Amino acid sequence: MGQEELMSQAEDVADQFLRVTKQYLPHLARLCLISTFLEDGIRMWFQWNEQRDYIEATWSCGYFLATCFVLLNLTGQLGGCVLILSRNFVQYACFGLFGIIALQTVAYSILWDVKFLMRNLALGGGLLLLLAESRSEGKSMFAGVPSMGESSPKQYMQLGGRVLLVLMFMTLLHFDPSFFSVLQNMVGTALIILVAIGFKTKLAALTLVIWLLAINVYFNAFWTVPTYKPMHDFLKYDFFQTTSVIGGLLLVVALGPGGVSMDEKKKEW
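A. Looking closely at the overall build of the protein. A tally of helices and strands in the protein yields 12 helices and 0 strands. What you see in the protein, going N to C, is helices and strands ordered as α-α-α-α-α-α-α-α-α-α-α-α. Looking at the protein alone, contacts between residues at least 24 apart form 71% of all its contacts between residues at least 6 apart. Only carbon and sulfur atoms are counted for the fraction: they give 70% of the accessible area of the protein, which is about 14700 Å².

B. Quick look at the environment of Arg119. By secondary structure assignment, the location of Arg119 is in helix α6 (residues 114-140). Along the chain, Arg119 and Gln241 lie 122 residues apart, while their C-alpha atoms are 7.5 Å from each other. The residues contacting Arg119, other than those within four sequence positions of it, are Met168, Thr171, Leu172, Asp238, Gln241 and Thr242.

C. Expanded view of the packing of aromatic side chains. Within this structure, the stated rule accounts for 11 aromatic pairs. An aromatic cluster of at least three residues, connected via ring pairs, comprises Phe222, Trp223, Phe239 and Phe240.

D. Structural detail: the nonpolar core. Ile84, Phe169, Leu212 and Leu249 are the most contacted members of the largest nonpolar core, which has 46 residues in total. In contact with Leu212, other than residues within four places in its own chain, are Met168, Phe169, Leu172, Thr242, Val245, Ile246 and Leu249.

E. Quick peek at the packing of helix α2 (residues 25-46) against helix α3 (residues 48-59). Look at α2 against α3: their axes get within 5 Å of each other, and the N-to-C directions meet at 90 degrees. Classified by the interaxial angle, the pair formed by α2 and α3 is roughly perpendicular. Counting all contacts with α2, which are made through Arg43, Met44, Trp45 and Phe46, the residues of α3 involved are Trp48, Glu50 and Gln51. Taken together, the residues of the contact of α2 with α3 break down into 4 nonpolar, 1 polar and 2 charged.

F. Structural context of the packing of helix α9 (residues 179-197) against helix α10 (residues 201-219). Where α9 meets α10, the closest approach of the two axes is 8 Å, and the angle between their N-to-C directions is 140 degrees. One finds that α9 runs oblique with respect to α10. Of the two possible hands of crossing, α9 and α10 adopt the one that is left-handed. Contacts between α9 and α10 involve Gln184, Gly188, Leu191, Ile192, Leu194 and Val195 from the first element and Thr201, Ala204, Ala205, Thr207, Leu208 and Trp211 from the second. Looking at the contact of α9 with α10 residue by residue, the classes come out as 8 nonpolar, 4 polar and no charged.

G. Quick peek at the side chain of Asn120. Position of Asn120 among the secondary structure elements: in helix α6. The contacts of Asn120, once residues within four sequence positions are left out, are Ile101, Thr105, Ile110, Tyr237 and Gln241.

H. Looking closely at α9. Across its 19 residues, α9 extends 27 Å between first and last C-alpha, which sits within 8% of the 27 Å expected from 1.5 Å per residue. Regarding α9, the residues found buried are Ser181, Gln184, Asn185, Gly188, Leu191, Ile192, Val195 and Ala196. Buried residues of α9 fall within an arc of 145 degrees about the axis and therefore sit on the same side. Residues of α9 that are exposed and point over 90 degrees away from its buried face: Phe179 and Met186. Immediately beyond the C-terminal end of α9, within one or two residues, lies Gly198, with a positive phi of roughly 75 degrees.

I. Main features of the pattern of salt bridges. By the definition in use, this model includes 5 salt bridges. The salt bridge involving Arg30 is made with Glu133; its shortest N-O contact spans 3.1 Å. You can see Arg30 sitting in helix α2 and its partner Glu133 sitting in helix α6, a full 103 residues away along the chain. We classify Arg30 as buried; its relative accessible area is 2%. You can call Glu133 buried: its relative accessible area is 5%. Between Glu39 and Arg43 there is a salt bridge, with its nearest N and O atoms 3.7 Å apart. Separated by 4 residues within a single helix, Glu39 and Arg43 lie in helix α2, roughly one turn from each other. Residues Glu39 and Arg43 agree in their burial class; the two are buried. Each of Glu39, Asp40 and Arg43 takes part in one network of salt bridges that share partners.

The rules behind these values
Residues numbered from 1 in each chain as written. Predicted model: local features only at pLDDT ≥ 70, side-chain atom pairs only at ≥ 80, totals over all residues. Heavy atoms only, no water. Helix = DSSP H or I, 4+ residues; strand = E, 2+ residues; numbered from the N terminus. Contact = heavy atoms within 4.5 Å. Areas by Shrake-Rupley, 256 points an atom, 1.4 Å probe, with all protein chains shown as cover. Phe/Tyr/Trp six-rings, centres within 6.5 Å; stacked < 30°, edge-to-face > 60°. Core = buried A, V, L, I, M, F, W, Y, C linked by side-chain atoms within 4.5 Å. Buried < 20%, exposed > 50% of the residue type's maximum accessible area, 1.4 Å probe, protein only. Axes fitted to C-alpha atoms, helices over the stretch in contact; angles between N-to-C directions. Parallel < 35°, antiparallel > 145°, perpendicular 65-115°, else oblique. Nonpolar A, V, L, I, M, F, W, Y, C, P; charged D, E, K, R; others polar. Left-handed = near helix turned anticlockwise from the far one by under 90°. Expected span 1.5 Å × (residues − 1). Arc of directions from axis to C-beta. Salt bridge = Lys/Arg side-chain N within 4 Å of Asp/Glu carboxyl O.

So, in structure tokens, the structure goes:
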């Protein structure tokens, strides 16, 4: 069986998966996407004193400002999650969560940690895709009204979202000479390039979802570590951040790559 036949069969399987799950996939994608914000907001509630003391000690900003920081993170994240899941004021919720990402990037000195910075940017990519989906839903309210095609902002939001999402995979590359690591790096790099340029996008994104899900469950199994150990919180944070990127990739699978992509250009050839 040739390479083209294998690719064709794989695309058929992906299309069949989409037909079966098309009613549920966007909801699952949203839930996965906001999972890290939901978990962090709940953690702010249960670790209120620890978070406040950390900010107060790190920035010497005083008790009041440190309390305001924790309160803003808690209400901003949980409120944004509720709005997104209920599909109310989704665009405002996304902009609010963008602000939370920027605030945490500065407050926790993530700006100087390349790995965590790339993961935060990947989260931003997922929110961009969610914004694009919300624009689609807004247009669907005017069914039957002639349209000149997708709006340019939506297309570029989808492009930006795809490119930022793949940054997560750059943090998963292992630079050691073992055969498994080299093979994983090669396959992973090929898939993220396909998603970024929008070629065979749904198949590549779905493959990445399966791969990332397996890596996440295997390497970030926080439930196997006692809660009193620091590693528990670290793995839990990593697990939900990765789950959010999975949600972004599921949005790519559900929505497609958008107008600025190789898949869209192929239709014109």
